[in-house]
Amino acid sequence: MKLLLLLLPFFLYGESYLISKIPLPKTFIQNLDITTCDDSCLEQYLQYGEIFSFLAHAPDTLDNAILNESRLIHTSLLNLGSLENSYESLRIALLLPHRQIGRYAYSTTNALFAYLLAQNIDYEFKSFFIEDESPQSIAQALEKIKLEQYFYLIAPLTLEGADNIVSQSENLSVYIPTINKSDMNTSSPNIYFGGIDYQAQIEKLMQYSSDPLVVFYDQSRLGITLKEKTHDTYLLHEDNNSKKHIYNYGIAQKTSNLKAQLFENKKIDFATFFLNTPVVKSGMIMSQITLYDVNSTNILSTQINYDPLIFTITQNHDRKNMIIANSINIENSVMVEANNLLNNDISYDWINYATTVGIDYFYYLSSTSRREYPLALRDNQVQYPITLVEPGYSKFLTIDE
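Sequence order sets the numbering: in each chain, residues are counted from 1 along the sequence as written. Two thresholds apply to this predicted model, a pLDDT of at least 70 for residue-level local features and 80 or more for giving and counting side-chain atom pairs, whereas whole-chain, interface and lining totals are computed over all residues. Note that water and hydrogens are dropped before the side-chain values are worked out from all heavy atoms of the structure.

## A short note on the sheet that holds strand E15 (residues 387-391)
Rule in force here: Paired strands are those between which DSSP finds at least two bridges. Numbering of helices and strands starts at the N terminus; helices are DSSP runs of H or I of at least 4 residues and strands are runs of E of at least 2. Every axis corresponds to a line fitted to the C-alpha atoms, with the helix fit spanning only the stretch in contact, and the corresponding angles, defined between N-to-C directions, vary from 0 to 180 degrees.
With mixed pairing, the seven strands of this open sheet are ordered in space as E9-E8-E10-E11-E12-E15-E16. Strands at the two margins of the open sheet, each flanked by one partner only, are strand E9 (246-251) and strand E16 (396-398). In this sheet, adjacent strand axes meet at a mean angle of 25° when their direction is disregarded. In terms of strand pairing, E15 meets E16 through three bridges, oriented antiparallel.

Written out as structure tokens, the structure is:
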């Protein structure tokens, strides 16, 4: 079989600190073989490494899920184009308050870019940077976005920025991956939210709690918010123990010794520990629970500790009674591989995952294509199923409920 490879320039209209304006080549494969190729034939091409022959005979979606996944992965890796392109390009903007969201200005850009490459679609993607989340900065950016005729916007903002964008985003569909709508007071029909529901995660974890409850939290805004949600949820949680005891311990950033909180502290014997701390701080807490021989019933945590780093910084016996709530429940291997190419994580980083869910939803709205992440939206908020997992010896294990 002869294959004709046509290399044509592919212009990226987006701007970010990863994407260059230099045109990238897009590969086209034309099938010159007059014979047909069934699933067995396609499997043989893959088995012998004849990737271009495989792709030439598989230009469209395949019924065989395994073969279709291989088609999608190789299409993404080779940046293949279609010889018959019948859809209009997707125009997507990204609003980045880089000082407020730090590294997520980098990783959400990668998540969005990886999705567009993996879907093999024509797109125009541009990043708009703002110095802060003030009403003036957001208004100026939105004016530019509308003038350039971008109608879909991904905006990873803090709560302050989300409040400011709500009243200024008419005629623009905005998706905020960092905020859950329950933390906002808005009914704007064009604002969509992709933040996970920490309150729902805490409520689900409470079925494993016992009295007393010991809550560790850091001094960040998220840490304090989670402490308050945990405190209130525990006091309202129905169980057979009418008298409830809760002890809150705030942990400063540089704290590395918890002897004052843990050593011979009889009031926390056989307590449930709830960790509202980032994974490194949580690892320190768990190791010192072991060090000071504290009898713990359970160790509970939300999404913030669903991180494979926990297997590196703790020993197996430190985390043996740990339960974590997780809302990253759809494993799309094509999207994962596309992100891995950019050294990006959507398997454990929930903001990158939520960003991918958002661009997928906007692509669905603009093209009526099948959604890769068919999560329900209720009142413009993505609904994430919650599963409880425990960190085993080397991986997270789902708890059967």
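Structure shown, so let's carry the discussion forward.
## Some words on unusual backbone geometry
Asp-211 connects to Pro-212 through a cis peptide bond whose omega is 0°. One can find Pro-212 in the loop between helix H8 (198-205) and strand E8 (213-218).

## Description of the packing of H8 against helix H9 (residues 221-236)
When two helices pack together, their arrangement is captured by the angle between the axes and the distance separating the axes. The cut-off we apply is this: Roughly parallel refers to an angle under 35 degrees, roughly antiparallel to one over 145, roughly perpendicular to one between 65 and 115, and oblique to any angle outside these ranges. Each helix crossing is assigned a hand: it is left-handed if the near helix lies turned anticlockwise from the far helix by less than a right angle, otherwise right-handed if that turn is clockwise. Residue contacts are defined here by distance: any two heavy atoms, one from each residue, within 4.5 Å place the two residues in contact. In this count, Pro and Cys sit with the nonpolar residues alongside Ala, Val, Leu, Ile, Met, Phe, Trp and Tyr, while Asp, Glu, Lys and Arg are called charged and the others, Gly among them, polar.
Running from N to C, H8 and H9 point in directions that differ by 45°, and their axes come no closer than 10 Å. Between H8 and H9, the angle is such that the two are oblique. H9 is crossed by H8, and the crossing has right-handed handedness. On H9, the residues touching Tyr-198, Gln-199, Ile-202 and Glu-203 of H8 are Leu-222, Leu-226, Lys-229, Thr-230 and Thr-233. Taken together, the residues of the contact of H8 with H9 break down into four nonpolar, three polar and two charged.

## Considering the packing of aromatic side chains
Rule in force here: Note on aromatic pairs: the rings of Phe, Tyr and Trp (six-membered ring only in Trp) are paired at centre separations within 6.5 Å, and the planes decide the class, stacked below 30 degrees, edge-to-face beyond 60, tilted for the rest. Only protein chains enter the accessibility calculation, which uses a 1.4 Å probe; a residue is then buried when its area is under 20% of its type maximum, exposed when over 50%, and partly exposed in between. In our convention, an over-ring charge means Lys NZ or Arg CZ found within 6 Å of a ring centre and within 35 degrees of that ring's normal.
Overall, the coordinates contain 17 aromatic pairs when judged by the stated rule. Ring geometry for Tyr-306 against Tyr-348: centres 5.1 Å apart, planes inclined by 45°, an arrangement best described as tilted. Of this pair, Tyr-306 sits in the loop between strand E11 (296-301) and helix H12 (310-313) while Tyr-348 sits in the loop between helix H13 (333-341) and helix H14 (350-367); the two residues are 42 residues apart in sequence, bridging distant segments of the chain. Its relative accessible area of 11% is what places Tyr-306 among the buried residues. Note on Tyr-348: relative accessible area 29%, which makes it partly exposed. Measuring from centroid to centroid gives 6.1 Å for Tyr-348 and Phe-396, while their planes differ by 45°, and the two rings are tilted. Of this pair, Tyr-348 sits in the loop between H13 and H14 while Phe-396 sits in strand E16; the two residues are 48 residues apart in sequence, bridging distant segments of the chain. For Phe-396, a relative accessible area of 14% puts it in the buried group. Here the basic side chain of Lys-259 rests over the ring of Phe-263, its NZ or CZ set 5.2 Å away from the ring centre.

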